[in-house]
Amino acid sequence: RLAEHCSAESFDFVLCVEAAAQLETDAFSELLRGAGIVLRRGGRLALCDAFEPGRLRELEEGLAAAGLVEEVRSDLGKWVRAAGLSPVPIGESGSLT
């Protein structure tokens, strides 16, 4: 609810770390809409998160609806594999004991 608590066009940068991908669809859309309102012209929204592949379309549509343009996207899995590690499928975890 950024737009309810902050003035329109009041920020150059909005940062959201490890939160957006966990939001339900309506709250996620509200986050993007709110960022679009509170950012000044030319402002940036940085989402640092691990989105499931199925939610990327929702991200793309939400950005467009908020008037935001995606500039960079990086596949975290690519960096995990480059480090010689193996991604753990969502919903699975392991224990060494």
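Placed above this text is the structure.
Residues numbered from 1 in each chain as written. Predicted model: local features only at pLDDT ≥ 70, side-chain atom pairs only at ≥ 80, totals over all residues. Heavy atoms only, no water.

**Student:** Tell me what's going on with the pattern of salt bridges, and back it up with residues and numbers.
**Tutor:** Pairs may arise between side chains of opposite charge once their charged atoms sit close together. Following the criterion strictly, the structure yields 8 salt bridges and no others. In this structure, the salt-bridge partner of E30 is R33, at a minimum N-O distance of 3.2 Å. Of this pair, E30 and R33 are both found in helix α2 (residues 25-38), 3 residues apart, which corresponds to roughly one turn of the helix. Overlapping salt bridges bring together R57, E60, E61, E70 and R73 as one network. (Salt bridge = Lys/Arg side-chain N within 4 Å of Asp/Glu carboxyl O. Helix = DSSP H or I, 4+ residues; strand = E, 2+ residues; numbered from the N terminus.)

**Student:** Can you explain a nonpolar patch on the surface? Please cite residues and give values.
**Tutor:** A surface patch of nonpolar side chains, about 300 Å² in accessible area, is lined by F13, L15 and V17. Tracing the backbone through its elements, the reader meets V17 in strand β1 (residues 11-17). (Patch = residues over 30% accessible without salt bridge, like charges linked within 9 Å, V, L, I, M, F, W, Y side chains within 5 Å. Areas by Shrake-Rupley, 256 points an atom, 1.4 Å probe, with all protein chains shown as cover.)

**Student:** Give a detailed account of helix α3 (residues 56-65), specifying residues and quantitative values.
**Tutor:** Where α3 is concerned, the buried positions are E58, L59, G62 and L63. Down the axis of α3, the buried side of the element spans an arc of 130°, and every buried residue falls inside it. Away from the buried face of α3 by more than 90 degrees, exposed residues R57, A64 and A65 are located. Packing partners of the buried residues in α3 comprise α2 and β2 (39-48). Where α3 ends, the next residue or the one after it, G67, has phi of about 75°, a positive value. (Buried < 20%, exposed > 50% of the residue type's maximum accessible area, 1.4 Å probe, protein only. Arc of directions from axis to C-beta. Contact = heavy atoms within 4.5 Å.)

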